[in-house]
Amino acid sequence: MTLKKRFGWGVGLAAGVFALAVPVIASAQVKIGVTISQTGPAASLGIPEAQTVALLPKEADGTKIQYIVLDDGTNPTRAVQNAQALINDDHVDAIIGSSTTPTSLAMVSTVAKAKTPMVAVAPFLPPPSKAISGPLEWAFQSPQPISLMASVLVHGMAAQHVKTLGFIGFSDGYGQDWLDNIRALVGEKGIKLVDVERYARNDTSVTGQVLRLMGANPDAILIAASSSPAVLPQQALKRSGYKGIIYQTGGAANNAVLQLCGADCNGMFLDASPLLVAQQLPEDYPVKKTSLAYFNAFEAKYGKGSVNQFGGNFWDAGQLILHAIPVALKSGARPGTEAFRVALRDAIEHTTGLAASEGVFNLSPTFHGGPMKAAMVMIEVVDGKWKYRPDLTPASQR
């Protein structure tokens, strides 16, 4: 594997993650561009994603691979600028990124115009539906779709006999996707949504929102946020004396969240990738072997307790592209050409039965949205650690 880094806008790759190596590039080499959020509010997502680059295979089907890694600072404008640079200056064959829903959404038009496939490591694509058309034909995602995450979470709520629910989420696409999905699902389980509050990723206080939520006296509250900003309402609710159940989305399934949150996260429930509790899964779980392969490789390199599902999202994005490269090469097209990018896109779209770290991928012209099988479990934070809760997880995901 060769790796090229660039330091854009005064921000570079996290110190100590990689050594800079820029060898002469062979003409047949596949170039994969990477734009992720190594700094900014989503840095706790982007850093393990960047670390995962070093674990990806050095070649596919005898063809060497170069990874070009840029930091977008959790900024949609920078994400677009990075995508343009990777396409126009580096002539990449595919792009992985970005780390958040807003930064990923921002890049779609750019990659589609350049006919360059993109695998996002944040959820933003729709559930299975009619044939995908327009710019989204060039976009894929490695995380599970929010529709699946929400259904698993609501199943857990019903299993815990929740009847009333409060909601506080990001005031952006991630928060809105979650709110739309929760609204569509809770009624089916006899759960009433009694209050909805929103906040920005860079807010420093949610006191007003928390007081309104507590005034509605719901049985449970869902925080639809990701990375370190998910800690803010969690701590505010606990320290204000809220006694109901607190749920978080998979966006908070991050060891950095546990470290920031401390004891305030104990008793928190969330939906998460099976990767996070890979060692606790039964032996016959469909992706236990592939989850443990990444889990063990990451912890061997970066230390015990270092693995999280955001690095897994990146690993799985890499697996999708690596799985597709031999298929695209068989078309006769050469890396660095539009014909190869088209063949690569088509191969990714027809991925079936690919077991990765976070589920089994079965993509199609009607679905680009991540794994759906063995892809989501319910977990609880107990004494600062993740605990698999099969009793709260739907049978379809066990």
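Further up the page is the structure itself.
Residues numbered from 1 in each chain as written. Predicted model: local features only at pLDDT ≥ 70, side-chain atom pairs only at ≥ 80, totals over all residues. Heavy atoms only, no water.

Observations concerning the overall build of the protein chain
For clarity, the cut-off: Secondary structure follows DSSP: runs of H or I at least 4 residues long count as helices, runs of E at least 2 residues long count as strands, and numbering of each begins at the N terminus. To get the radius of gyration, use the C-alpha atoms; to get the globule rule, take the number of residues to the power 0.38 and multiply by 2.2 Å. For every residue, the accessible area obtained with a 1.4 Å probe (protein chains only) is divided by the maximum for its type, and the residue is called buried under 20%, exposed over 50%, and partly exposed between those limits. Throughout, a residue-residue contact means that at least one pair of heavy atoms, one from each residue, lies within 4.5 Å. In this description, accessible areas are obtained by the Shrake-Rupley approach with a 1.4 Å probe, and a residue is regarded as covered only by the protein chains that are shown. All tallies of charge rest on Lys and Arg as positive and Asp and Glu as negative; His and the ends of each chain are not included. To locate a charge, take NZ of a lysine, CZ of an arginine, CG of an aspartate or CD of a glutamate.
In terms of regular secondary structure, the protein chain is built from 11 helices and 16 strands. Computed over the C-alpha atoms, the radius of gyration of the protein chain is 20 Å, within 12% of the 21 Å expected from 2.2 N^0.38 for a compact globule of 398 residues. Based on the C-alpha atoms only, the size of the protein chain along its principal axes is roughly 65 × 40 × 40 Å. Counting all 398 residues of the protein chain, 59% fall into the buried class. When contacts within the protein chain are restricted to residue pairs at least 6 apart in sequence, those whose partners lie at least 24 apart make up 70%. Roughly 14,700 Å² of accessible area belongs to the protein chain as shown, and the carbon and sulfur atoms make up 53% of that amount. Taking the 33 positively charged and 30 negatively charged side chains of the protein chain as two groups, their mean positions are separated by 2 Å.

What to know about the state of the cysteines
Test applied: Disulfides are defined in this document as cysteine sulfur pairs within 2.5 Å.
Counted according to the given criterion, the structure contains 1 disulfide. Covalent S-S linkage joins cysteine 261 and cysteine 265, the inter-sulfur distance amounting to 2.4 Å. Disulfide cysteine 261 to cysteine 265: torsion about the S-S bond roughly 95 degrees, handedness right-handed. Cysteine 265 carries the same exposure label as cysteine 261, and that label is buried.

What to know about the environment of valine 92
With respect to the element layout, valine 92 can be found in the loop between α2 (76–88) and β5 (94–96). In sequence terms valine 92 and threonine 337 are 245 residues apart; their C-alpha atoms lie 9.2 Å from each other. Look past the residues within four positions of valine 92 in its chain and what remains in contact with it is Lys31, Ile32, Gly33, Ile68, Leu86, Ile87, Thr116 and Arg341.

Brief notes about the sheet that holds strand β8 (residues 164–170)
The condition that has to hold: Paired strands, as defined in this entry, are two strands with at least two bridges between them according to DSSP. Interaxial angles span 0 to 180 degrees and are taken between N-to-C directions of axes, which are lines fitted to C-alpha atoms, for helices over the stretch in contact.
Taken together, 7 strands build an open sheet; the order of strands is β9-β8-β10-β11-β12-β15-β16 and the sheet is mixed. Looking at strand neighbours, the two that pair on one side only are β9 (192–199) and β16 (385–388), the edges of this open sheet. When the angles between neighbouring strand axes are averaged without regard to direction, this sheet yields 25 degrees. Taken together, the 5 bridges between β8 and strand β10 (residues 220–224) define a ladder with parallel strand orientation. Looking across to β10, one finds that isoleucine 168 is bridged to isoleucine 223.

Fair warning: the whole summary comes from geometry, so function is off the table for now.
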